[in-house]
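# Understanding the architecture of this molecule
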Amino acid sequence: MGKPIYVLAPSGKPLMPTHRHHKVWYWLRTGLAEVVRREPFTIRLKCATTEYTQPVTMGVDTGSHTVGVAAIANEEVVCQAEVHLRTDVSRKLTQRRQYRRNRRSRKTRYRPARFANRGRSRGWLAPSLRSKAQATVKAVHLLASLLPVYQITVEIASFDTQKVQNPEIQGVEYQQGQLQGYLLREYLLEKWERKCAYCQAQGIPLQIEHLTPLSRGGGSSASNLAIACEPCNRRKGNQTASEFGYPEIQAQAKTPLRDAAHVSSLKTAIVTQLQEQLGAKRIAITYGYETKYKRIQMLALPKSHANDAVAIACEIGERVKPASIIYQIRCIPRGNYQLYNGKRSEHKVWAQRSLHGWKLYELVEAKGVVGYIGGRRVKGAFVLKDVATGKTVLEVTPRKLHRLARPVQGWVIQREEVRTSSPV
Ligand SMILES: [Zn+2]
């Protein structure tokens, strides 16, 4: 089965997507429909139809570099995308500030002092974070404009402090592969700062470890559990932590995690904006441990932002058919502070807006490589960059380029066939 084609009613309201490509081509050929968007392929019907829709649920995996979005209808993933956020905002503002400082020392004779009349409104975010929050909200609006999205779920933290409810005393049953086990694991990872309690190793697979082993009467509440790497866990074997030479770990485990899992200002801003724009009823929140449980235990999907979004969108116990297409979307700047400045500016305009008919950020293909135009060399070569990673993949003469798409709405959008790989 091919990619779904998104269908809009004559009013522009989204309808259910279709897989019947022949029908769509017939509609387009006979003028019963028109194309409104190439990627993701969307048509608008020109004749009245029944506006019957089924509820589509959507999941948003927020992040500081990559955002995953996915929509599910009828136990099938109907849209899946990864949005790569801009990371250059902070650098660009520094650059602008430097230009401004230079210009003022050069040109402005007198400026009254203004340092004391600046204020920050409530809910203020740093510009780099604001750009990320806005891009995430924009991605949600994109999917909501293609599909009749009913419910939107956003992941806001790794675990819910309310649900843990003092695991130190109560003890959440520790069992690998259970939802409660995932909750406890996230709690312990936060408590032990995602490091091995013994050797402080980071960024390696970590295990849950019983300080007093089960075989010697140790319990499974959080006060007897720590996080350890596999070598340490194996070396410790059947010893208690004190016998292993770490009495302080045993004491540390007794202290519960205080005020755990704060929600970052970025995620708060995203949820607030979505609630304001789409209605508080339609926005639900979820936690990372649930996502992880659903992704691994129920869906058996490999780790990626787009797959996390699928896990966020679906219910516990729901089986969904994965999508065959993932859209890679890169957020791009719509202008450049220095490149296209005016006649009277100090700097000479040295870079043309377009060269040999090509502009920056166009999606192109050359020598079998697909990428976007990310730069131009003085000698005439164009630099192709990968949409998903932003890394340079090829330098090529413009004669070899084939245009695939131009950027729209500040996005470079690339369609990607899903690679089949085993779950991790
Ligand atoms: Zn270790």
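All of these numbers come straight from a predicted model, not from anything done at the bench.

Turning our eyes to something else, we now look at the overall build of the protein chain. Assigned secondary structure in the protein chain consists of 11 helices and 19 strands. Classification of the 424 residues of the protein chain by burial places 44% in the buried group. Put simply, of all contacts in the protein chain between residues at least 6 apart along the chain, 63% involve residues at least 24 apart. Only carbon and sulfur atoms are counted for the fraction: they give 49% of the accessible area of the protein chain, which is about 23,700 Å².

In terms of nonpolar packing, the biggest core is built from 84 residues, with Leu147, Ile152, Leu188 and Tyr198 touching the most fellow members. Per-element accounting of this core gives the leading share, eight residues, to helix 3 (residues 127–146). Setting aside residues up to four positions removed in sequence, Ile152 forms contacts with Met58, Val60, Val140, Leu278, Arg282, Ile283 and Ala284. With 11 residues, the next largest nonpolar core counts Ile5, Ala9, Val24 and Phe41 among its residues.

Turning to the sheet that holds strand 14 (residues 363–366), a few remarks are in order. Here five strands make up an open sheet; going across it, the order is 17-16-15-14-18 and the pairing antiparallel. Two strands lie at the open edges of the sheet, namely strand 17 (392–396) and strand 18 (402–405), each paired on one side alone. Shown here is a sheet whose adjacent strand axes are inclined to one another by a mean of 45°, direction ignored. In this structure, strand 14 lies alongside strand 18, joined through three bridges in antiparallel fashion. The residue bridging Glu365 from the neighbouring strand is His402, located in strand 18.

This part takes up unusual backbone geometry. Along the chain, Glu39 connects to Pro40 via a cis peptide bond; the corresponding omega equals -10°. Tracing the backbone shows Pro40 in the loop between strand 2 (33–37) and strand 3 (42–45). Unusually for a residue other than glycine, Asn74 sits at a positive phi of about 50°. Relative accessible area serves as the criterion here: at 53%, Asn74 is assigned to the exposed category. One non-glycine residue, Glu193, adopts positive backbone phi at about 55°.

Looking at helix 1 (residues 21–29), one finds that the buried residues are Val24, Trp27 and Leu28. Buried residues of helix 1, viewed axially, fall in a sector of 95°; they line one side. Along helix 1, the residues that are exposed and aim more than 90 degrees away from the buried face are His22 and Arg29. Tucked inside the fold, the buried residues of helix 1 contact strand 2 and strand 3. Following helix 1 by one or two positions, Gly31 adopts a phi angle in the positive range, close to 75°.

Donor atoms from the polypeptide that coordinate the zinc ion comprise Cys196 (SG), Cys199 (SG), Cys229 (SG) and Cys232 (SG), at 2.2 to 2.3 Å from the metal. In this structure, the zinc ion is surrounded by four donor atoms whose angles at the metal cover 103 to 114°, and the resulting shape is tetrahedral. Sequence positions of the residues that donate to the zinc ion give the spacing C-x2-C-x29-C-x2-C. Taking the relative accessible area as the measure of exposure, Cys199 reaches 40% and is therefore partly exposed.

The next subject is helix 8 (residues 247–254). Among the residues of helix 8, those classed as buried are Ile249, Gln250 and Ala253. All buried residues of helix 8 fall inside an arc of 100° around its axis, so they share one side. Turned more than 90 degrees away from the buried face of helix 8, the exposed residues are Ala251 and Lys254.

Quick look at the environment of Ser354 now. Assignment of secondary structure puts Ser354 in strand 12 (residues 354–355). Sequence-distant contacts of Ser354, that is, excluding residues within four places in its chain, are made with Lys359 and Arg376.

Right, let's get into the pattern of salt bridges. Under the counting rule described, the total for this entry stands at 15 salt bridges. A salt bridge links Glu186 to Lys292; the nearest nitrogen and oxygen atoms lie 3.4 Å apart. Of this pair, Glu186 sits in helix 6 (residues 179–191) while Lys292 sits in helix 10 (residues 288–299); the two residues are 106 residues apart in sequence, bridging distant segments of the chain. By relative accessible area, Lys292 is classed as partly exposed at 25%. When salt bridges with common partners are traced through the structure, they connect Arg86, Asp88 and Lys92 into a single cluster.

Close contact between helix 2 (residues 89–107) and helix 3 brings their axes to 8 Å; oriented N to C, the two are set at 135°. In this view, helix 2 runs oblique relative to helix 3, as classed from their interaxial angle. The way helix 2 lies across helix 3 gives a crossing that is right-handed. Across the interface between the two elements, Val89, Ser90 and Leu93 from helix 2 touch Pro127, Ser128 and Ser131 from helix 3. Of the residues in the contact of helix 2 with helix 3, the class split is three nonpolar, three polar and no charged.

Hydrogen bonding along the main chain pairs the strands of a sheet, whether they run parallel or antiparallel. Strand order across the open sheet formed by three strands is 1-3-2, with mixed pairing between neighbours. Unpaired on one side and paired on the other, strand 1 (6–8) and strand 2 mark the two borders of the sheet. The mean angle between the axes of side-by-side strands here comes to 35°, regardless of whether they run parallel or antiparallel. Both strand 2 and strand 3 contribute to a ladder of four bridges, which runs antiparallel. Paired with Glu34 across the strands is Arg44, a residue of strand 3. Contacting strand 1, strand 2 and strand 3, helix 3 runs over the sheet at an angle of about 70° to strand 1.

How each quantity is defined
Residues numbered from 1 in each chain as written. Predicted model: local features only at pLDDT ≥ 70, side-chain atom pairs only at ≥ 80, totals over all residues. Heavy atoms only, no water. Helix = DSSP H or I, 4+ residues; strand = E, 2+ residues; numbered from the N terminus. Buried < 20%, exposed > 50% of the residue type's maximum accessible area, 1.4 Å probe, protein only. Contact = heavy atoms within 4.5 Å. Areas by Shrake-Rupley, 256 points an atom, 1.4 Å probe, with all protein chains shown as cover. Core = buried A, V, L, I, M, F, W, Y, C linked by side-chain atoms within 4.5 Å. Pairing = 2+ DSSP bridges. Axes fitted to C-alpha atoms, helices over the stretch in contact; angles between N-to-C directions. Arc of directions from axis to C-beta. Donors = N, O, S within 2.8 Å, 3.2 Å for Na, K, Ca; no water. Tetrahedral: all angles 85-135°; square planar, octahedral: opposite > 155°, others 65-115°. Salt bridge = Lys/Arg side-chain N within 4 Å of Asp/Glu carboxyl O. Parallel < 35°, antiparallel > 145°, perpendicular 65-115°, else oblique. Left-handed = near helix turned anticlockwise from the far one by under 90°. Nonpolar A, V, L, I, M, F, W, Y, C, P; charged D, E, K, R; others polar.

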